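Each chain is listed here by its residues.
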Amino acid sequence: MVDISRILEIFREEGRPEADSMLVDRAFVFAAIVHEGYKRISGAPYIVHPIDVATRLAEMHMPTNMIAAALLHDTIEDSIRDPEETRKELRKEFSPDIVELVENVTKLDFKNPHADKTRLFGIDRYVENLRKMFVAFAKDVRAIIIKFADRIENLRDLEVLPPGKRLRIALETLEVYAPIAKRLGIAHFNVELEDLAFKHAFPEEYERVAGLIVGKHDTRGGYLDQVAKKIKDRLDAAGIKSVVSLQARTKHFFSIYRKLVKYDWDINRIWDIFAVRIIAENVPDCYAALGVIHSLWKPVKGRIKDYIAQPKPNGYRSIHTTVFCDDGEFVEFQIRTTEMHEEAQYGVAAHWRYDENKGKKQKIPQKQVNWVQELASVQKEMENNKEFLETLERLKIDAFNDRIFVYTPKGDVIDLPEEATPVDFAYAIHTEIGNKTTGALVNSKNVALNTPLKSGDVVNIITDKNRKGPSTDWLKFVKTNMARDRIKSCARSPLSNFIDLIKPGKKRK
Ligand code: MN
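Residues numbered from 1 in each chain as written. Predicted model: local features only at pLDDT ≥ 70, side-chain atom pairs only at ≥ 80, totals over all residues. Heavy atoms only, no water.

J.: Honestly, the overall build of the protein chain in this entry has me stumped. Any pointers?
T.: Each helix and strand counted, the protein chain has 21 helices and 11 strands in total. The 509 residues of the protein chain split such that 49% are buried. Pairs at least 24 residues apart make up 68% of the contacts formed inside the protein chain by residues separated by at least 6 positions. Total accessible area computed for the protein chain in this model is approximately 24,400 Å², and 53% of it derives from carbon and sulfur atoms. (Helix = DSSP H or I, 4+ residues; strand = E, 2+ residues; numbered from the N terminus. Buried < 20%, exposed > 50% of the residue type's maximum accessible area, 1.4 Å probe, protein only. Contact = heavy atoms within 4.5 Å. Areas by Shrake-Rupley, 256 points an atom, 1.4 Å probe, with all protein chains shown as cover.)

J.: Looking at this model, I keep getting lost on the coordination of the manganese ion. Mind explaining?
T.: In an ideal octahedron of six donors the angles at the metal are 90 or 180 degrees, and in an ideal tetrahedron of four donors they are 109.5 degrees. With distances of 2.2 Å, the protein atoms coordinating the manganese ion are His49 (NE2), His73 (NE2), Asp74 (OD) and Asp150 (OD). When the donor residues of the manganese ion are listed from N- to C-terminus, their spacing reads H-x23-H-D-x75-D. Residue His73 is located in the loop between helix 4 (64-72) and helix 5 (83-93), and its partner Asp150 is located in helix 8 (residues 141-156); the two are separated by 77 residues in the primary sequence. In this structure His73 comes out as buried when scored by relative accessible area, which is 3%. Judged by its relative accessible area of 2%, Asp150 falls in the buried class. (Donors = N, O, S within 2.8 Å, 3.2 Å for Na, K, Ca; no water.)

J.: Just checking my understanding: could you explain helix 14 (residues 283-296) for this structure?
T.: Every α-helix carries 3.6 residues per turn, so stepping three or four residues along brings you back to the same face. Between its first and last C-alpha, helix 14 extends 20 Å over 14 residues, near the 20 Å set by a 1.5 Å rise per residue. Residues Asp285, Cys286, Ala289, Leu290, Val292, Ile293 and Leu296 constitute the buried set of helix 14. With its buried residues spanning 160 degrees around the axis, helix 14 presents them on a single face. Of the residues in helix 14, the exposed ones pointing more than 90 degrees away from the buried face are Pro284 and Ser295. On its buried side, helix 14 packs onto helix 12 (223-237), strand 2 (274-280), strand 5 (319-324) and strand 6 (330-337). (Expected span 1.5 Å × (residues − 1). Arc of directions from axis to C-beta.)

J.: Teacher, can you tell me more about the sheet that holds strand 10 (residues 445-447) here?
T.: Strand-to-strand pairing in sheets goes through backbone hydrogen bonds, with the strands running parallel or antiparallel. Pairing is antiparallel in the open sheet, where three strands are placed in the order 10-9-11. Both outer strands of the open sheet, strand 10 and strand 11 (459-463), are each paired with one neighbouring strand and no more. Put simply, the sheet's adjacent strands are angled 35 degrees from each other on average, direction ignored. Across three bridges, strand 9 (residues 437-442) lies against strand 10 in antiparallel orientation. Bridge assignment links Val442 to a residue of strand 10, and that residue is Lys445. Of the strands in this sheet, strand 9, strand 10 and strand 11 touch helix 18 (residues 422-429), which is tilted by about 80 degrees from strand 11. (Pairing = 2+ DSSP bridges. Axes fitted to C-alpha atoms, helices over the stretch in contact; angles between N-to-C directions.)

J.: Teacher, can you tell me more about helix 9 (residues 163-183) here?
T.: When the terminal C-alpha atoms of helix 9 are compared, their 29 Å separation across 21 residues agrees well with the 30 Å that a helix rising 1.5 Å per residue should span. At Thr173, helix 9 shows its maximal kink, close to 40 degrees. Taken from the residues just after helix 9, Gly185 is the one with a positive phi, measuring 80 degrees. (Bend = angle between axes of the 7 residues up to and from the residue.)

J.: Before we go on, may I ask you to explain the packing of aromatic side chains in this structure?
T.: For any pair of aromatic rings, geometry is given as the distance between the ring centres together with the angle between the planes. Summed over all chains, the structure comprises 16 aromatic pairs. An aromatic cluster of three or more residues is present, and its members are Phe198, Phe202, Tyr206, Phe253, Phe254, Tyr257 and Trp265. Above the face of the Trp265 ring, Arg208 is positioned so that its terminal group lies 3.8 Å from the ring centre. A cation sits over an aromatic face here: Lys312 above Tyr307, 5.0 Å from the ring centre. (Phe/Tyr/Trp six-rings, centres within 6.5 Å; stacked < 30°, edge-to-face > 60°. Lys NZ or Arg CZ within 6 Å of the ring centre and 35° of its normal.)

J.: Would you mind showing me how to read the pattern of salt bridges here?
T.: When the charged atoms of two side chains with opposite charge come close together, those side chains can pair. Scanning the entire structure with this criterion turns up 20 salt bridges. Of the charged contacts in the structure, one is a salt bridge between Glu14 and Arg16, with a shortest N-O distance of 2.6 Å. By the burial criterion, Glu14 is buried, and Arg16 matches it. Glu85 serves as the salt-bridge partner of Lys88, at 3.7 Å between the closest nitrogen and oxygen. Separated by three residues within a single helix, Lys88 and Glu85 lie in helix 5, roughly one turn from each other. For Glu85, a relative accessible area of 39% gives the class partly exposed. (Salt bridge = Lys/Arg side-chain N within 4 Å of Asp/Glu carboxyl O.)

J.: Looking at this structure, how should I read the environment of Ala69?
T.: As for its placement among the helices and strands, Ala69 is situated in helix 4. In this structure, the C-alpha to C-alpha distance between Ala69 and Val24, residues 45 residues apart in sequence, is 8.8 Å. In this structure Ala69 touches Ile98, Leu101, Val102 and Ile146, once residues within four positions along its chain are discounted.

J.: What is the right way to look at the nonpolar core in this model?
T.: Nonpolar side chains in soluble globular proteins generally cluster together in the buried interior. Grouped together as the largest cluster of nonpolar side chains are 104 residues, with contacts concentrated most on Leu57, Ile145, Phe148, Phe189 and Phe333. A total of nine residues in this core trace back to one element, the largest contributor, which is helix 8. When residues of this core are sorted by domain, at least three fall in each of domain 1 (5-160) and domain 2 (204-352). Beyond its immediate stretch of four places on either side in the chain, Phe148 contacts Tyr177, Ile180, Ala181, Leu184, Ile186, Phe189 and Leu193. In terms of nonpolar packing, the next biggest core, distinct from the first, is built from 20 residues, Ala420, Ile461, Val478 and Ile487 among them. (Core = buried A, V, L, I, M, F, W, Y, C linked by side-chain atoms within 4.5 Å. Domains from an automatic or database assignment.)

J.: What should I look at first to understand the environment of Ala143 in this one?
T.: In this structure, Ala143 sits in helix 8. Owing to a relative accessible area of 0%, Ala143 belongs among the buried residues under this scheme. Each C-alpha atom of the pair Ala143 and Lys107 lies 9.5 Å from the other, and the pair is 36 residues apart in sequence. Once you skip the residues sitting within four places of it in the chain, Ala143 turns out to touch Leu101, Asn104, Val105 and Leu108.

J.: So what exactly am I meant to see when it comes to the pairing of strand 6 here?
T.: Looking down a regular strand, the side chains alternate between one sheet face and the other. Among the eight residues in strand 6, seven count as buried, and that is most of the element. The pairing of strand 2 with strand 6 spans seven bridges and is parallel. The partner of Arg277 across the bridge, within strand 6, is Gln334. Here strand 5 runs beside strand 6; their pairing, made up of six bridges, is antiparallel. Within the sheet, the bridge partner assigned to Thr321 lies in strand 6 and is Phe333. The hairpin formed by strand 5 and strand 6 contains five residues between the paired strands, and Asp327 there has a positive phi angle of roughly 55 degrees.

Below you can see the structure in the form of structure tokens.
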């Protein structure tokens, strides 16, 4: 469909002001003129693509400026026109906010044939592109949300590309985009990015996972529906009226794949292939539903997680429990309120959702903002490509490994990669605490600084203010980026702690 009728329909349903519809219509007309005569590799008229991206964002109820910017997101580069001319016209026609958003999305683009006159190849090109991405990303998180929608649309068209390019885009999605989406709590994007890219990045593995899951489905036809019906009846009988929806599903393919790799492809060791999600109107009913589930089926020890009382560091809230369900299957239940569900699906993006009654916007959780800033600072600290690559390698590991959640003595949650040590923990709290660490208590017991931490551990760091700085021996066992960088930077300059103290804003060399 080469028009924006779907977007306008959504706007009407939401009751957005007429001016908003007029704005997206102007953006559409502008983009249609600029892309005129330009085609997608599939042969389709180019304008179809920005419409798809913008529609996707409209369906997520994103703000009007983001939707307008999505319609315009490729106008600077994917046209036979001179990009500078287009830039000038954009500035004449649209607000500075929209133009800047379009510029930031453009910078996130990995091709860029006009701006990138010094053509880079291979790893250098990759690094250069990632650097650009981090800078634009740190400036405006809205740009990356548009970019996620853009990437999903591009992945859907991937078949038409040559195999090499297809593989590069698929891997880049798994290594960069999906972990960032996950870290920002946008499950809605993360799941789709992973499953679309997985098929192209690892076709054989994809088939193998699909075969295993389909096999399990065939032998268990209708199983989840039966479980869902049973729990629905019990919830009704218990008088829990506020359940708004009950979703039975299997976990998404890429996440099953990662678990299979970890468990030697033994599908019977994966607890949560079958999952049932219960969405209730309020918190008391979430706990009441948990009680109903546990009275029906026995919970598996260690698999009850109350992320409502203790949210995950990315803000995720839900109660999880895995039970020994009917016919010897394990089923994971996730229980949450409507509000928590929306946040889990949309993460950072939830806070931009259009709601005419909302008045003022909700703020993004500080922890998510912190992570965005940390990502940006990583980029600044790189002195050369090699260091940047090393950091990326580690960022990737940080993003890919399963996370553990450990606690400060006050009960704050710290999010670390698996196998992280008390030193990683200390640096995650504060650089100065890391630098002055002399020992650690884990669950009140004295432990060596290289002891791997486990989820749920309460960690108390012992510091000595007279300690000169970190030991370079720690580099042998620390797992996080942050700890490694801080230890190295102290090793490079013994005075760096001192410099930090007198000039807090000074960039370390
Ligand atoms: Mn695009």
